[in-house]
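Each chain is listed here by its residues.
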2 protein chains.
Amino acid sequence: MKIELAENYGFCFGVKRAIKIAEENRDSATYGPLIHNSKEIARLDSDFKVGLVEDVKTFKSGEKAIVRTHGIVKDELAELKSSGVDVVDATCPFVTKPQEIAQEMSEAGYDVVIFGDEAHPEIKGVRSYATHGARVVTNVFDLMDLKFHDKIALIAQTTRKVEDYIEIANYLIPRHKEVRVFNTICNATFENQEAVRKLSKRADVMIIIGGKNSSNTKQLSSISHDYCASSYHIEDENDIDYSWFKNKELCGISAGASTPDWIIQNVVNAIESNINK
Amino acid sequence: MKIELAENYGFCFGVKRAIKIAEENRDSATYGPLIHNSKEIARLDSDFKVGLVEDVKTFKSGEKAIVRTHGIVKDELAELKSSGVDVVDATCPFVTKPQEIAQEMSEAGYDVVIFGDEAHPEIKGVRSYATHGARVVTNVFDLMDLKFHDKIALIAQTTRKVEDYIEIANYLIPRHKEVRVFNTICNATFENQEAVRKLSKRADVMIIIGGKNSSNTKQLSSISHDYCASSYHIEDENDIDYSWFKNKELCGISAGASTPDWIIQNVVNAIESNINK
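A few points on the structure. (Residues numbered from 1 in each chain as written. Chains lettered and ligands numbered in written order. Predicted model: local features only at pLDDT ≥ 70, side-chain atom pairs only at ≥ 80, totals over all residues. Heavy atoms only, no water.)

1. Considerations on the pairing of strand β5 (residues 86-89) of chain B
Residues and elements named next belong to chain B.
- In this structure, strand β4 (residues 64-67) lies alongside β5, joined through four bridges in parallel fashion. Residue Ala65 lies in a different strand from β5, and its bridge partner there is Val87.
- Read from β4 through helix α3 (residues 74-82) to β5, the crossover connection turns out right-handed. (Pairing = 2+ DSSP bridges. Helix = DSSP H or I, 4+ residues; strand = E, 2+ residues; numbered from the N terminus. Right-handed = clockwise from strand over helix to strand, strands pointing away.)

Have a look at this one:
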């Protein structure tokens, strides 16, 4: 069996940047997981003494708090700063952008609609910037019961599939005077998705590596399933069932934007050593 | 054979308004055809002495010029006014709106894209308001060779099909940071189109009445063809070939926004008297 990595996969600009910031700020703590990959977070803790704090009130004046790559809720950021906490912002710039758009559009009188998962920290953060509130939807059915004014600003979670986003836009455009569609899906997401689409069309089995709670990894897995029935989302080599590779000729591999290279390498090594037994 | 009129058809708000304005301004002239219906224009000339002028320079100071419902080019409007011509504006308010949007968006730094027919007077007018120019496209292929900046404002000819407009938006959204989609397709157009869609699904033969150069009538005719192979676009009863109705059970009828009721009635009368022969 041949193993082939997707043309684009793994760490994106925002994740690389956040990890660099964490490594440069030893003996600190992130507020919430820096990225959606528990193994990389454990490495930062053991190698750089960067801890993980789940309650914003835990931070004391003078302590250093690293803001996670997904961003945090506006009021909590203000609370940290007003408490004298030394805030180091590792929010991905591609997430800061939709936060700014949400605020600006809400204040300009637009009804803000966010396409994404309302339970995801990125969306909790973006939504909190919409001064007059925002509606969060995951599909067209969510929109059907909602009433809007004439002017709508549409924002997407950075890690969503553009095809799904377009469906939301298509529902809104004929029904409102103005729909201002901000393409806030990040390029890395787009490129990783395109590469998985290409590879999964050719592969007999696909392995998508990333945290189970990683939104962008879940999207890659969903795209992979669309084209390759034997697609598996794993966190690391321990999740592999080697019967997946029986009688397969091409194994495609991709990884989410928060999956470090060392985990990807471990997976490739594990598969190679097993199939060559 | 049964004859059934579409639920919505014929004269729209803007056309009714323009005709009322013309009737109230005897002994004047329109600059270009007031609406795209030569028979109604002939009636205004014979009954109200409202003539038709094709060259803007023909108007002299103190004379009355009626601006057609499709609007005119910005510079020509300014020229009429500065020449001391008494300008009576019969531009449909639903056309004034996209003119304003084109100007505002162009001046705000957006690349203005207009979905419509660049040879149509409405689009010549709307385009002229985009201070820094606008691109006019009729389909996705027209877009492929064009280069735009990050921010696009999208405007539609008032009489276009919303499905076609959405295709244009769908091409642009994934490729640009912001696409501001203005739904400038007018409600009357939308309602007439919906009604033709419903009726043509049931009818054996469809008659669409309106000027051959009327954009909205052409769109109705195109929708009708999608669902009913025996669809015919006629200007009046003289265009009818009665063999169309042979062995048909249901004849659906609709008419463009610039088709007066008296022409529709003539058509219905002609068909009825023929099939009852």
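2. Focus: the sheet that holds strand β2 (residues 28-31) of chain B
Residues and elements named next belong to chain B.
- Pairing within the open sheet is parallel, and its four strands lie in the order β3-β2-β4-β5. In this open sheet, the two strands that pair with only one neighbour each are β3 (50-53) and β5. Here the average twist between neighbouring strands, direction ignored, is 35 degrees.
- Running at roughly 140 degrees to β5, α3 makes contact with β2, β4 and β5 of the sheet. (Axes fitted to C-alpha atoms, helices over the stretch in contact; angles between N-to-C directions. Contact = heavy atoms within 4.5 Å.)

3. Section: the packing of helix α8 (residues 187-202) of chain A against helix α9 (residues 215-227) of chain A
Residues and elements named next belong to chain A.
- At their nearest, the axes of α8 and α9 sit 8 Å apart, and the two run at 25 degrees to each other. Overall, the two elements α8 and α9 adopt an arrangement that is roughly parallel. Here α8 and α9 pass one another in a crossing that is right-handed. Across from Asn192, Gln193, Val196, Arg197, Ser200 and Lys201 in α8, the residues of α9 making contact are Gln219, Leu220, Ile223, Ser224 and Tyr227.
- When grouped by side-chain class, the residues that make up the contact of α8 with α9 number four nonpolar, five polar and two charged. (Parallel < 35°, antiparallel > 145°, perpendicular 65-115°, else oblique. Left-handed = near helix turned anticlockwise from the far one by under 90°. Nonpolar A, V, L, I, M, F, W, Y, C, P; charged D, E, K, R; others polar.)

4. Let's talk about the interface of chain A and chain B
- Counting from both sides, the interface comprises 16 residues of chain A and, opposite them, 16 residues of chain B.
- A per-residue breakdown of the area chain A buries against chain B is headed by A:Ile173, A:Val181 and A:Asn183, which together make up 33% of the total.
- Where chain A meets chain B, there are two salt bridges.
- The residue B:Arg180 makes a salt bridge to A:Glu178 at a minimum N-O spacing of 2.6 Å.
- Seen at the junction of chain A and chain B, the total is 13 residue pairs in polar contact (both at pLDDT 80 or more).
- Only α7 (162-172) and β9 (178-182) of chain A provide two or more residues apiece to the side of chain A that touches chain B. (Buried area = accessible area lost by both parts, 1.4 Å probe. Salt bridge = Lys/Arg side-chain N within 4 Å of Asp/Glu carboxyl O. Polar contact = N/O pair within 3.5 Å; in protein donor to acceptor, adjacent residues only side chain to side chain.)

The values are spatial; any link to function lies outside them.
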